[in-house]
Amino acid sequence: MEQKPSVVGGACIIASVCVGAGMLGLPSAGAGAWTLWSTLAIVLTMVVMTVSGWMLLESYRGYPLRVSFDTVTRDLLGEKVNALNNLSVYFVGGILLYAYITSSGLIIQEMTGLGSHVASVLFTLAFSALVWHSTRAVDRISVLLVILMGLSFAFGISGLSMKISPDLLFDRMSEHASYAPYALVMLPVALTSFGYHHSVSSMRAYYGEERRASRAILGGTAIALTFYTIWLLSVFGNLPRSEFGPVIEQGGNVDALLKALGSVIESKAVASALNAFSMAAILSSFIGVGLGVFDYLADLFKFDNSRIGRSKSWAVTFLPPLVLSLLFPFGFLVAIGYAGAVATLWTCIIPPLLVWKVRASRRDETGFRAPGGMAMIVLVILFGVLTAAFHLLNMVGWLPAYTG
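Residues numbered from 1 in each chain as written. Predicted model: local features only at pLDDT ≥ 70, side-chain atom pairs only at ≥ 80, totals over all residues. Heavy atoms only, no water.

Topic: the overall build of the protein chain
Note the following rule: Secondary structure elements are defined from DSSP: runs of H or I of at least 4 residues count as helices, runs of E of at least 2 residues count as strands, and each element is numbered from the N terminus. For this measure, only C-alpha atoms enter the radius of gyration; the expected value for a globule follows 2.2 Å times N^0.38, where N is the number of residues. Burial classes follow relative accessibility: with a 1.4 Å probe on protein chains only, a residue under 20% of its type's maximum area counts as buried, one over 50% as exposed, and anything between as partly exposed. Working rule for contacts: check all heavy atoms of both residues, and any pair within 4.5 Å makes them a contact.
Within the protein chain one finds 16 helices and zero strands. The globule rule puts the C-alpha radius of gyration for 404 residues at 22 Å, and the 20 Å found for the protein chain is close to it. For the protein chain, the spread of C-alpha atoms along the three principal axes comes to 60 × 45 × 40 Å. With 404 residues in all, the protein chain has 57% of them scored as buried. Long-range pairs, those at least 24 residues apart, make up 86% of the contacts in the protein chain between residues at least 6 apart in sequence.

A closer look at the side chain of T73
Mapped onto the elements, T73 comes out in helix α3 (residues 69-77). Owing to a relative accessible area of 0%, T73 belongs among the buried residues under this scheme.

With respect to a nonpolar patch on the surface
Rule in force here: The patches reported here contain residues having more than 30% relative accessible area and no salt bridge. Joining distances are 9 Å for like charges and 5 Å for nonpolar side chains (Val, Leu, Ile, Met, Phe, Trp, Tyr). For the accessible areas, the method is Shrake-Rupley and the probe is 1.4 Å, while residue cover comes only from the protein chains on display. A pair is scored as a salt bridge if a Lys or Arg side-chain nitrogen falls within 4 Å of a carboxyl oxygen belonging to Asp or Glu.
On the surface, F91, V334, Y338, L392, M395, V396 and W398 cluster together into a nonpolar patch covering about 720 Å² of accessible area. For F91, the location among the structural elements is in helix α4 (residues 79-112). Among the residues examined, F91 registers a relative accessible area of 35% and is labelled partly exposed.

Some points on unusual backbone geometry
Even without being glycine, D171 reaches a positive phi, approximately 50°. With respect to the secondary-structure elements, D171 resides in the loop between α7 (166-169) and α8 (180-192). Using a relative accessible area of 6% as the deciding quantity, one classes D171 as buried.

Things to note about the layout of surface pockets
Our working rule: Every definition here rests on a 1 Å grid over the protein atoms only: cavities are sets of points where a 1.4 Å probe fits but cannot get out, pockets are open sets enclosed by protein on both sides within 12 Å along at least five of seven lines, and lining residues have some atom within 4 Å of a point. Grid points are joined across faces, edges and corners, and a volume is the space filled by probe spheres set on the points. Put simply, Ala, Val, Leu, Ile, Met, Phe, Trp, Tyr, Cys and Pro go in the nonpolar bin, Asp, Glu, Lys and Arg in the charged bin, and everything else, Gly too, in the polar bin.
In this structure, the largest pocket spans a volume of roughly 460 Å³. Lining of the largest pocket is provided by 19 residues; of these, V185, I248, L333, V334 and N394 occupy positions nearest its centre. Here the residues of the lining of the largest pocket sort into 13 nonpolar, six polar and no charged. Taken as a whole, the second largest pocket spans an internal volume of roughly 290 Å³. Taken together, 16 residues line the second largest pocket, and the ones lying closest to its centre are R66, T135, S202, A205 and Y206.

Regarding the nonpolar core
Stated formally: In this description, a nonpolar core means a group of buried Ala, Val, Leu, Ile, Met, Phe, Trp, Tyr and Cys residues linked to one another through side-chain atoms lying within 4.5 Å.
Within the largest apolar cluster, 126 residues are counted, with the highest numbers of intra-cluster contacts made by I42, F69 and W231. Per-element tally for this core: the top contributor is helix α13 (residues 268-301), with 16 residues. Residues contacting I42, with those up to four places away along its chain left out, are L26, M186, A190, F194, L225, Y228, T229 and L232.

Listed below in structure tokens is the structure:
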């Protein structure tokens, strides 16, 4: 008898999808809001994004296991909404893959001396092969990567946490500093940090039912939140708020953040552990996001599960972001911010609309059901609309932007 997949494995996939973008983008995005307001922003975002993922999971009930947004959204909300949703899902997945490919190239260049373009190509070819192979391969490598992240994170963070300065953590050096307004600008990056929704259908297909998939989603977002909170406390307790200026100036690139941290870390072993953690985070998120986009596009284009079909899915998933990364590299934080603004459509607006439609047409109450009634649906949509609005307002300079 075949053993059922563990909830832990699924939680690790969800956590790995989240942690890459969030862990590496949040310190720079939260520099203005600093410790208290950054923490409040990510806790609120985690709760909303977990509930919206459950809503999406509920809306899949009654459909075949391998369907994704494309089939369900077209069926329930129509062709036009589905076309917009398809575009937004691919944009966010593609720009995240683009950000990971670009950042991995820069970090590998620092570590090995290889050209960043060559490093990006090798990284993409080597690790996208895991996604091409199978979901179980991603599960196994995700567990290993989460363990590696945990060990390198624990070692690196222990080195940082032992030197946390309360004066830095609570920014006591700054007089009359403002924090709360900058939390609004942080929300799009925080939302991207919990953007696992393109993997919900993969989780449902993996477990063959909704309830175990829902527990994996909650476990994954809880793991991600724990990582984020400890990471922010450790970074903000060691790196002065004013030191984020040069990092933000370079687009929040991961290598710039690591260099800034390296300047305040006396131990080379701790610095190496943080480098290892950063690469593991990028790799785990790369294959996790890649799996979600891979399955989504396979359903969209109706590619079968044969070697040739999976090769087609691989090509449309990984080649466009790789080519764009080589031609037009730009700041990590900029890419994540755009991803967060567009992601509000398919993380906070489409899932509540889908579940509202499903509940209106379905009379039976059996099976998995996301918590909350109409009030929860409205709150999730409102959170998404405001988050997108904050990003647009920030783009035109109508919100305060922290520059160090």
